[in-house]
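# Structural features, examined
Here is what each chain is made of, one letter per residue.
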2 protein chains.
Amino acid sequence: MHLIVVARIIGILLMIFSLTMALPATLSFIFVDGVLNAFLTAFAVTLGCGVLLWLVSRGKQADLGIRDGFLVVSLFWTVLGLFGALPFYLAEHPGLSVSEAVFESISGLTTTGATVITGLDDLPISILFYRQFLQWLGGIGIIVIAVAILPILGIGGMQLYRAETPGPVKDNKLTPRITGTAKVLFLMYVSLTAVCTLAYWLAGMSFFDAICHAFSTIAIGGFSTHDASMGYFDSPLILLLCSAFMLFAGLSFSIHFQVWRNRTPGQYFRDSESKFYLGVILISAIIICAYLMIAEHHQPWEALYHGIFHTVSITTTAGFGADDFSSWPTFLPVALIMLSFIGGCAGSTGGGMKAVRVMLIGKQGLREMKQLLHPNAVIPLKVGQHRVEAKVVSAVWSFVAMYLISFVFITLIMMALGLDSLSAFSATAAAINNLGPGLGEVAANYHSVSAAGKWVLCYAMLLGRLEIFTLLVVMSPGFWRH
Amino acid sequence: MHLIVVARIIGILLMIFSLTMALPATLSFIFVDGVLNAFLTAFAVTLGCGVLLWLVSRGKQADLGIRDGFLVVSLFWTVLGLFGALPFYLAEHPGLSVSEAVFESISGLTTTGATVITGLDDLPISILFYRQFLQWLGGIGIIVIAVAILPILGIGGMQLYRAETPGPVKDNKLTPRITGTAKVLFLMYVSLTAVCTLAYWLAGMSFFDAICHAFSTIAIGGFSTHDASMGYFDSPLILLLCSAFMLFAGLSFSIHFQVWRNRTPGQYFRDSESKFYLGVILISAIIICAYLMIAEHHQPWEALYHGIFHTVSITTTAGFGADDFSSWPTFLPVALIMLSFIGGCAGSTGGGMKAVRVMLIGKQGLREMKQLLHPNAVIPLKVGQHRVEAKVVSAVWSFVAMYLISFVFITLIMMALGLDSLSAFSATAAAINNLGPGLGEVAANYHSVSAAGKWVLCYAMLLGRLEIFTLLVVMSPGFWRH
Ligand SMILES: [K+]
Ligand SMILES: [K+]
């Protein structure tokens, strides 16, 4: 490993990241909301640490190996998560403890959107903006890492696409081509956010709310500037617009990239994962809407937009709320949380296990049943026209197993820390799937969870966001041995 | 398919099964407990239907194919489960409805041990005996099917053993060698039950209770003749004896068979699955005992035997209870129920996903982490000295995926039918893992579950007992198409 070069990269990342605090500081200066000092201090500390790391490691050059890649990706969210907590800790108004500040920051950066703050509406404007901006930044970080970096490390559902598109995929070095891809992804991300802002603004949000909610919508983050979340605007139009943008952001940016470059929107409906993702959400939305109408006696139009909004919000792992969710029978939210384990497409800002993996497991299960009836037949596993390599299938299975084992362990730890079973289940699912809100005592926010519980959930959020293996590999003794 | 030959086999099975009712009928005649007519009627109906099926299909001979195998195995538990419900439905005393009677019968035959009856202590002696006997019969049925038949169908963890021992495993016909193996297995099963009866009797149970509890211990069934289950006897010695026999019955009868034939008890500690199974239970028991002592302030000796008994009872999926379980903090029973997903060894009477499968998944996860660090290395997956075939690994993954997907679906259905989340989760886990008791409103018995809920749980019990795929394959359109 080249720890000194890793330190240099983290130094540079911290310097860039410090700008995240300069923007809200400007806002705080203009609107005089009383938290200017907090942002300036956080900015100075983050920039200072970044410069220090950069100076220490200056002049060192080396090709990064695969281990360095794992380390950089893991540190990206942990280190930035810790420094990102500074404004929350230093600002007088939300008045958060260390564990709360770190929880809020990691929840933002991982686009989880679980919050420990009550009274969002009364928060200083710069803090509100900072929270949303953290999510937006986390979102683009995920896309770049998932589309450009993780495939090189052999992690993430994107390797399935690689199997379909020939190219220089076997090299283990982080090559400069990442920069080129990253630029286009960033441009697309910014454009999408701009369109979403405009749409929200035209639909009736204030300009500030429109930007803030566009940030957390495109990032599939779920943070809001209001305690009532999307319910605050009391507008079916906004709920439906939000659903559309969440749905779109939950598609793979790798596909968006191809559509953008080749001007072929039909690609969305030719891609197996996109079809599966859209199909699952469509069927779920129909069932939820029908249930609301028939069993809960909602008005048809109300059942329609509430059903669609909540289905999309939870299954894409955005986690936005609207007012009446908690009054539904428990089985509906639990069913939706189960769907959040599927989550978005690989290479989107969505969380969960990713549609492509779940699709592959379903296909494999059906294949196995055919195989049982025809023991001597050779039945290939296909995605679209392409046969899936055994190596890829095995990686996907391992991912799912580790994901579920981690989920069970963390749920048990949360129960041991005092949460009731429904709260522990939903809090852990909401954290590892980067979903956000849970049920029971963590339905509105995570304020009541103990400090230890918050740290455990931070770990779960990172685990989910880092596609399990990135973090597990870095934490394994074998990683450090050589 | 040769439906007529399948009918003939089911006819013969029903004729044999009718004897199950003759025995309690005799008991009822001797002790005059008022349910003689119920047993005689059930006996006559079952025998009659068996003879009828046999007469209709007399003289038809054909080699059974793989589809017939799936059908016979699936019908074994469903048809016998339905006929087995007759005495419960007809007898005046427990006074069960159709759904309750079928639930009790299937719960017995699948060795689940979930009950709908309260006031066991006041039940007619013949009914009590019949319940225990159903479990014992189900137990030997499972062993014979798992060790001798399922491997031929390509289902069940036993194929892992087959991969290690060369032999005529590729033929798709149910060969006569099943009869030979079955005889030895039956002999071992009877001997083990006799030893267990003797041990319980010497430890202070009445002779009737000793036989009855030996039946449900060796079958890892969990039915008892008392509402207080094993707690009734108020004897640490009995709890520890019970633990030892459950632990032993949870080992594979395929290994018992080899030890019996070769006189090599050391084999238990050389077999990978047995080591994993014993290791998991040992570590769990230590954690539970320590927790009871430290966090719950139990006396050391009390913590020891309660901890061991409950750990073994739940992880082997026996499901016997002792009085203080419900007073423990929820996280302990939930943790134990999670362990029941591992269950016994393949080819034992235990339920769950089976130790060998979980072990394989753990190994595969670790292998994957090594692979990520060494992308170009070829790292084989081994069990003991033997490399596991890719085909076997893929079958195991599919099994686990289908198992968990079924679990999630059924849990959601149970919630939709009105159970709270903890009860729905635990009831479904207890059914599909063939464990028995749940938590919350199904902690003591399943009386309060709606009729629809009972049918769903019956399906879950069958699904678990038939190793998922047997039932899913028979229910798939592809099975009937050709
Ligand atoms: K989210
Ligand atoms: K049981």
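What counts, and at which threshold
Throughout, residues of each chain are indexed from 1 in the direction in which the sequence is written. Written order determines the labels here, with chains lettered from A and ligands numbered from 1. Local features in this predicted model are restricted to residues whose pLDDT is 70 or higher, and side-chain atom pairs enter the listing and the counts only when it is 80 or higher, whereas totals over whole chains, interfaces and linings include all residues. Side-chain numbers come from the whole structure's heavy atoms, not from hydrogens or water. Strands are runs of DSSP state E lasting at least two residues, helices are runs of H or I lasting at least four, and both sets are numbered from the N terminus onward. Radius of gyration: over C-alpha atoms. The globule rule applied is 2.2 Å multiplied by the number of residues raised to the 0.38 power. Accessible areas in this description were obtained via Shrake-Rupley with a 1.4 Å probe; residue shielding takes into account the shown protein chains only. For Na, K and Ca the donor cut-off is 3.2 Å, and for all other metals it is 2.8 Å, counting N, O and S atoms only; because water is absent from this set, sites may look incomplete. Working definition: with a 1.4 Å probe on protein chains only, accessible area under 20% of the residue-type maximum means buried, over 50% means exposed, and in between means partly exposed. Overlaid copies result from least-squares superposition on C-alpha atoms, with residues included only where pLDDT is at least 70 in both. When checking whether two residues touch, look at their non-hydrogen atoms; a contact exists if any pair is within 4.5 Å. What gets called buried area is simply the loss in accessible area from a 1.4 Å probe that two parts show on being joined, summed for both. Note on definitions: salt bridges are taken to be side-chain nitrogens of Lys or Arg within 4 Å of carboxyl oxygens of Asp or Glu. For this analysis, a polar contact is any N or O atom pair within 3.5 Å, provided that within protein one partner can donate a hydrogen and the other can accept it, and provided that sequence-adjacent residues contribute only side-chain to side-chain pairs. UniProt positions are given in the numbering used here, feature names are shortened, and annotations may be inferred rather than shown by experiment. Looking at any residue, its pLDDT shows the predictor's confidence there, from 0 to 100. As used here, the term nonpolar core means buried Ala, Val, Leu, Ile, Met, Phe, Trp, Tyr and Cys residues forming a set that is joined through side-chain atoms within 4.5 Å. Here a Phe, Tyr or Trp ring, Trp counted by its six-membered ring, pairs with any other such ring whose centre lies within 6.5 Å, and the pair is stacked when the planes are under 30 degrees apart, edge-to-face when over 60, and tilted otherwise. Either the NZ atom of lysine or the CZ atom of arginine qualifies as a charge over a ring when it sits within 6 Å of the ring centre and within 35 degrees of the ring normal.

### Things to note about the overall build of chain A
Of the regular secondary structure elements, chain A holds 21 helices and 2 strands. Against the 2.2 N^0.38 benchmark of 23 Å for 482 residues, chain A shows a C-alpha radius of gyration of 22 Å, consistent with a compact globule. For chain A, the exposed surface amounts to about 18200 Å²; the carbon and sulfur share of it is 69%.

### Section: the coordination of the potassium ion (ligand 1)
Any two of four tetrahedral donors ideally make an angle of 109.5 degrees at the metal, while pairs among six octahedral donors ideally make 90 or 180 degrees. Residues and elements named next belong to chain A. Within the protein, the potassium ion (ligand 1) binds to Thr-111 (O), Thr-112 (O), Ile-220 (O), Gly-221 (O), Thr-317 (O), Ala-318 (O), Asn-434 (O) and Leu-435 (O); these donor distances fall in the range 2.5 to 3.0 Å. Expressed as a motif, the donor residue spacing for the potassium ion (ligand 1) is T-T-x107-I-G-x95-T-A-x115-N-L. Here Thr-111 is found in the loop between α5 (98-109) and α6 (125-153), whereas its partner Gly-221 is found in the loop between α9 (207-218) and α10 (236-249), with 110 residues between them in sequence. You can call Thr-111 buried: its relative accessible area is 0%.

### Points about the relation of the copies chain A and chain B
Each copy superposes on the other: chain A lies on chain B with an RMSD of 0.0 Å after a rotation of 180° and an axial shift of 0.0 Å. Within this description, the copies of the chain are treated as partners about a two-fold rotation axis. Most of the interface of chain A is mirrored in chain B, where 100% of its interface residues are also at the interface.

### Concerning the environment of Ala390(B)
All names here are of chain B. The topology assignment puts Ala-390 in helix α17 (residues 390-416). In this structure Ala-390 comes out as exposed when scored by relative accessible area, which is 60%. When the C-alpha atoms of Ala-390 and Tyr-200 are compared, they prove to be 45 Å apart, with 190 residues separating the residues in sequence.

### Description of the interface of chain A and chain B
Chain A puts 45 residues into the contact, and the matching count from chain B is 45 residues. With both sides pooled, the region where chain A packs onto chain B buries about 3700 Å², and carbon together with sulfur makes up 76% of that total. Contact with chain B buries area across many residues of chain A, yet Met369(A), Leu372(A) and Leu373(A) alone supply 18% of it, more than any other trio. At the junction of chain A and chain B, the tally comes to 0 salt bridges. One can count 4 residue pairs in polar contact (both at pLDDT 80 or more) joining chain A with chain B. Only α3 (66-84), α15 (331-340), α16 (355-373), α17 (390-416), α18 (421-432), α20 (469-475) and α21 (477-481) of chain A provide two or more residues apiece to the side of chain A that touches chain B. Here the side of chain A that touches chain B takes 12 residues from α17(A), the largest share from any one element.

### Concerning the coordination of the potassium ion (ligand 2)
Residue and element names in this part refer to chain B. The protein atoms that coordinate the potassium ion (ligand 2) are Thr-111 (O), Thr-112 (O), Ile-220 (O), Gly-221 (O), Thr-317 (O), Ala-318 (O), Asn-434 (O) and Leu-435 (O), at distances spanning 2.5 to 3.0 Å. When the donor residues of the potassium ion (ligand 2) are listed from N- to C-terminus, their spacing reads T-T-x107-I-G-x95-T-A-x115-N-L. Assigned by exposure class, Thr-111 and Thr-112 land together as buried.

### Structural notes on the UniProt feature "binding site: K(+)" (unreviewed entry) in chain A
Residues and elements named next belong to chain A. With numbering aligned to this structure, UniProt lists the feature "binding site: K(+)" (unreviewed entry) at Thr-111, Thr-112, Ile-220, Gly-221, Thr-317, Ala-318, Asn-434 and Leu-435. Look at the named residues: they lie 325 residues apart in sequence, but the longest C-alpha span between them is just 9.1 Å, so in the fold they bunch up. You can see Asn-434 is positioned in the loop between α18 and α19 (451-465). When near neighbours in sequence (up to four residues on either side) are disregarded, Asn-434 contacts Thr-110, Thr-111, Thr-112, Thr-317, Gly-351, Met-461, Gly-464 and Arg-465. Its relative accessible area of 0% is what places Leu-435 among the buried residues. Each residue touching Leu-435, except ones within four places of it in the same chain, is listed here: Thr-112, Gly-221, Ser-313, Ile-314, Thr-317, Ala-318, Gly-319, Ile-337, Ser-340 and Ala-430.

### Let's talk about the confidence of the model for chain A
Looking at chain A, the pLDDT average stands at 86 and 92% of residues meet or exceed 70. Per-residue pLDDT stays below 50 along residues 160-175 of chain A; that stretch engages in 26 contacts with residues further than four places along the chain or on separate chains.

### Focus on the nonpolar core
The biggest cluster of nonpolar side chains holds 321 residues, and the ones touching the most others in it are Tyr200(A), Met230(A), Tyr446(A), Met230(B) and Tyr446(B). In contact with Tyr446(B), not counting residues within four places along its chain, are Phe103(B), Ala114(B), Thr115(B), Val116(B), Ala427(B), Ala430(B), Gly436(B), Pro437(B), Gly438(B), Lys454(B) and Leu457(B).

### Comments concerning the packing of aromatic side chains
All names here are of chain A. By the definition in use, this model includes 45 aromatic pairs over all chains. Centroid distance Phe-129 to Phe-133: 5.7 Å. Interplanar angle 15°. Geometry classified as stacked. Placement of the pair is Phe-129 and Phe-133 together in helix α6, with a separation of 4 residues, close to one helical turn. The pair Phe-129 / Phe-133 is uniform in exposure class, with both members buried. Counting every residue linked through ring pairs, the aromatic cluster contains Phe-129, Phe-133, Trp-136, Phe-186, Tyr-189, Phe-215 and Phe-253. The aromatic ring of Phe-399 is capped on one face by Arg-357, whose charged end is 3.5 Å from the ring centroid.

### A short note on unusual backbone geometry
All names here are of chain A. Backbone geometry at Arg-263 places phi at a positive 50°, although glycine is not the residue there. Inspection of the secondary structure puts Arg-263 in the loop between α11 (253-262) and α12 (267-270). On the accessibility criterion, Arg-263 (65% relative accessible area) is exposed. Its identity as a non-glycine residue notwithstanding, Lys-354 has a phi of 85°, on the positive side. Along the chain, Lys-354 turns up in the loop between α15 and α16.

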